[in-house]
Amino acid sequence: MEFLEIFLNENFWQAAIRIATPLIFGTLGALICERAGVLNLGIEGIFTAGAMSGWMAVWLGAGLAGGLLTAMIVGAILGLLHGILTVPLGLSQHVSGIGVTMLATSLAYFTYRTTLPDVTSPPRIEAFQPLDIPVLSDLPFLGPALFQHTFMTYLAFFLVFVVAWVLKSTPLGLAIRAVGDNPSSVDSQGMSVYALRIGAIMAGSSLMALGGAFLTMAAFDAFFFGMVNGRGWICIALTVFASWKPRKALLGALLFGAFEAYQVRLQTEVGSFVPGEVFLMAPYILSIVALIIVARSADYPRALLVPWFKGER
Amino acid sequence: MEKKISMDITRRTLLAGTASVATVSALPAWAASDLSVAAIYTLPVEQQWIGRIHKALNAANGIAYEYSENVSNTDYERVMREYAEKGVKLIVGEAFSVERGARKVAADYPDVAMLLGSSFGPEAPNFSVFDNFIHEPSYLTGIVAGSDTKSNIIGMVGGFAIPEVNRLMHAFIAGALSVNPDVKFLVTFINSWYDPPKAKESAFAMIDKGADIMYAERFGVSDAARDRGVKAIGNVIDTAADYPGTILASAIWHMEPTVNAAIEAVKAGSFTAEDYGIYSYMKHGGGSVIFDDALVPADVAAMVEAKEKEIIDGTFTVEVDDSEPVSTA
């Protein structure tokens, strides 16, 4: 029963939470954009740009906080681009999103190569280290599982509740939800649909960039091209899984992290008689199954993917 | 997403240029002195494998070297053709995912020498192949790991289970078992060349299972080893300086003998379709083993050196096994 004993290992839960962290940032970001009615497929590129810019800012001496801020600003700028294309111009959200992904990915790489033309391996930075919380970190089982993470993991969990609270209990959250369900009603209240939507996309995109920055500033300490490796796309699926609700997004990200942490352990457990590719597929198959079960009853934002023009009926 | 270091020659300027100077000389100016060599890589030059080729070409004398990195497989043939049209004399690259297309391009430009990494054989008249045949130094690092392990569990994280990776892992396993038959191996593949956080997670999982030596085929594995205070074995490049006190030994690939042999042949006009894989063998200086003297005991080092001598003088042969390795623990 060794394949069940994996779940009793505190390091497994620690890995699950660590793997989930970038997905929490990304899913929250995608959720905010979509709650305002705009699908942001720029996410994969924004992850890459956030990973590169955050890491490079630290390497250039901005410090870890400066790195996070840089990543967020870069994310917001790319969000602004996607916002202008999709909101006032009303272009296809799919096409401009893919365009933003390609542009952001290439720009990240271009900047990287022009700054570091001759490196044989990327320079390392002093990344976020796991925090040592008095008493809590030393608890048996729970200590390693929950309380030996980096600052960014706690930030991700904290943001889940902030985003949930803002969306549910503040006038701003009401306006964002309204603009994603019925933009004309927001307009009739004298608020700007364009400003709300673009603002939400920028805020969401800066969270996506933090997801990327986690990869280069906490999970690892250097930027490699291609290291985002599809994590952004996972977040788009997780958003549907979460029915656009922040707490469910947290659950979905943790579930995916657990699948992933489980598969790397299972590979060494029964890898001699089951091909490794089966395990690599497993998290994605399980995600699809979960999506089928959950998403059928999903309550999606009514104006998602629908451009809105002032004065048009 | 490919980035060109040199300026592109468009078809129109190329036609105009060759037409105007056709009667004088169709050769561009640089052809007079240095041999023009172009390399096409499917990943950035930071990648270990590609980095070794890039380094050798940068160091080679008497060539004008240009390269395109991060060329997607779907774009590979076009870039090959562009360099061939441009009058490059030797094209170096990797045909692993574009075997058929690359061979077709080579056949269309029989005067251009091609030297490509490939799992298959050479093809007349101009398609030569090479590969990272550093199974010999890998065997030697296996001896170091097999002697050093206390838990008798060694973890191995690979990119993809392809012959280039498998043969090094098998040689390493054989080396470890030759000195310590009780060693068990944990093997996983992450199906990506370039996902250090994922490689790191896989390595953590193995260390949790008791591995006290990690075979670092990918970036990220040595990081996990350092964080958890276990040892690692390097592969292809020397990363010991990045992880002080962690890397026991490394099997290093030297691309210089391969590249230099090909350049000599092109210059002498004797370049034919050959298998250059042999130039990665220790005998030709294509592979070497290095170890951290502070971590490896003198008797183990002596054992490795004795075996190294046997390999070089041909009395001991390391078996090439391209099948996929599996966990034995």
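Moving on to the overall build of chain A. Across its full length, chain A carries 13 helices and zero strands. Its C-alpha atoms give chain A a radius of gyration of 20 Å, within 12% of the compact-globule value 20 Å for 313 residues. Each principal axis of the C-alpha distribution contributes one length, and for chain A these read about 65 × 50 × 45 Å. Residue burial in chain A is summarised as follows: out of 313 residues, 50% are buried. Look at the contacts in chain A between residues 6 or more apart in sequence, and 78% of them connect residues 24 or more apart.

Residue and element names in this part refer to chain B. Reading across from one edge, β8-β7-β9-β10-β11-β12 is the order of the six strands in this open sheet, with mixed pairing throughout. The strands lining the two open edges of the sheet, one partner per strand, are β8 (184-189) and β12 (287-291). Here the average twist between neighbouring strands, direction ignored, is 15°. Where strand β9 (residues 213-216) lies against strand β10 (residues 231-236), three bridges are found, and the strand directions are parallel. For I213, the partnering residue across the bridge sits in β10 and is K231. Across the face of the sheet, helix α7 (residues 196-208) comes into contact with β7 (153-158), β8 and β9 while running at roughly 165° to β7.

What follows deals with the nonpolar core. Among the nonpolar cores identified, the biggest contains 198 residues, and A:W55, B:L90, B:I91, B:I154, B:A203, B:M214 and B:A262 are the most heavily contacted of them. Residue contributions to this core peak at 17 residues, all from helix α10 (residues 193-219) of chain A. Two domains share this core, each providing at least three of its residues, namely domain 1 (3-130) and domain 2 (135-253 + 285-313) of chain B. Non-local contacts of B:A262, meaning those with residues more than four positions away in its chain, are made with B:L90, B:A113, B:L115, B:S128, B:F271 and B:Y276.

Attention shifts here to the interface of chain B and chain A. The interface of chain B with chain A comprises 33 residues on the first partner and 29 residues on the second. Every element with two or more residues in the side of chain B that touches chain A is listed here: β8 and α7 of chain B. A total of nine residues in the side of chain B that touches chain A trace back to one element, the largest contributor, which is α7(B).

So, about unusual backbone geometry. For the peptide bond that leads from B:A124 to B:P125, omega is 5°, which places it in the cis range. Within the fold, B:P125 resides in the loop between β5 (113-117) and β6 (127-130). Residues other than glycine seldom take positive phi values, yet A:N229 does so here, at roughly 50°. Inspection of the secondary structure puts A:N229 in the loop between α10 and α11 (231-241).

What follows concerns the environment of A:T216. Residue and element names in this part refer to chain A. Relative to the helices and strands, T216 is located in helix α10. Residue T216 is classed as buried on the basis of its C-beta count, with 31 C-beta atoms lying within 10 Å. In the structure, T216 is positioned 139 residues away from I77 in sequence and 20 Å away in space, judged by C-alpha atoms. Among residues more than four places away in sequence, those in contact with T216 are A51, G54, W55, A222 and F223.

Bringing the domain arrangement of chain B into the picture now. All names here are of chain B. You can read the domains of chain B as domain 1 (3-130) and domain 2 (135-253 + 285-313). Opposite the seven residues of domain 1 that make contact, domain 2 presents six residues. For the side of domain 1 that touches domain 2, the per-class residue count stands at two nonpolar, four polar and one charged.

What follows concerns the pairing of β9(B). The two faces of a sheet get side chains in turn, since along a regular strand they alternate between them. Residues and elements named next belong to chain B. Burial along β9 is two-sided: the residues I213 and Y215 and M214 and A216 are all buried. Bridging between β7 and β9 involves four bridges; their strand directions are parallel. Looking at β9, one finds that I154 is bridged to I213. Since β9 and β10 lie parallel, the crossover through helix α8 (residues 221-228) that links them has a hand, and here it is right-handed.

To continue, consider the environment of A:Y300. All names here are of chain A. Checked against the element boundaries, Y300 lands in the segment after α13 (276-295). Looking at Y300, the number of C-beta atoms within 10 Å reads 16, which means it is partly exposed. In sequence terms Y300 and E34 are 266 residues apart; their C-alpha atoms lie 8.8 Å from each other.

The predicted coordinates of low-pLDDT regions are not to be read in fine detail. Residues and elements named next belong to chain B. On average, residues of chain B score 88 in pLDDT, and 90% of them are at 70 or above. Note on residues 1-32: pLDDT is under 50 here. Beyond four places in sequence and across chains, it has 28 contacts. On the interface metric, ipTM, the complex scores 0.88, and its pTM is 0.88.

The next point concerns the pairing of strand β4 (residues 90-94) of chain B. Residue and element names in this part refer to chain B. Taken across its five residues, β4 has five buried, putting it largely inside the fold. Neither face of β4 is exposed, since L90, V92 and E94 on one face and I91 and G93 on the opposite face are all buried. Bridging between strand β2 (residues 35-40) and β4 involves four bridges; their strand directions are parallel. Across the sheet, residue A39 finds its bridge partner in β4, namely V92. At this point the chain moves from β4, through helix α4 (residues 99-108), to the parallel β5, and the crossover so formed is right-handed.

Cut-offs used in this document
- Every chain's residues receive numbers from 1 upward, in the order its sequence appears when written.
- Chain letters and ligand numbers both follow the written order, the letters beginning at A and the numbers at 1.
- Given that this is a predicted model, residues contribute local features only at a pLDDT of at least 70 and side-chain atom pairs are listed and counted only at 80 or more, while totals for whole chains, interfaces and linings are drawn from all residues.
- We count a stretch as a helix when DSSP gives it H or I for four or more residues in a row; a strand needs E for two or more, and each element gets its number in order from the N terminus.
- Atoms counted for the radius of gyration: C-alpha only. Globule rule: 2.2 Å times residue count to the power 0.38.
- Exposed residues have 12 or fewer other C-beta atoms within 10 Å of their own C-beta, buried residues have 20 or more, and partly exposed residues fall in between, where C-beta atoms are placed from the backbone.
- Two residues qualify as being in contact provided that their C-beta atoms, derived from the backbone, are within 7 Å of each other.
- Pairing between strands is defined by DSSP: at least two bridges between the two strands are required.
- Each axis is a line fitted through C-alpha atoms, taken for helices only over the stretch in contact, and angles between the N-to-C directions span 0 to 180 degrees.
- Any set of buried Ala, Val, Leu, Ile, Met, Phe, Trp, Tyr and Cys residues joined through C-beta atoms within 7 Å is what this text calls a nonpolar core.
- For the domains described, the bounds stem from an automatic or database domain assignment.
- Ten residue types, Ala, Val, Leu, Ile, Met, Phe, Trp, Tyr, Cys and Pro, are classed as nonpolar, four, Asp, Glu, Lys and Arg, as charged, and the remainder, Gly among them, as polar.
- The crossover handedness rule: strands pointing away from the viewer, path from first strand over the helix to second strand clockwise, crossover right-handed.
- Across the chain, each position has a pLDDT score giving the predictor's confidence in that residue, from 0 to 100.

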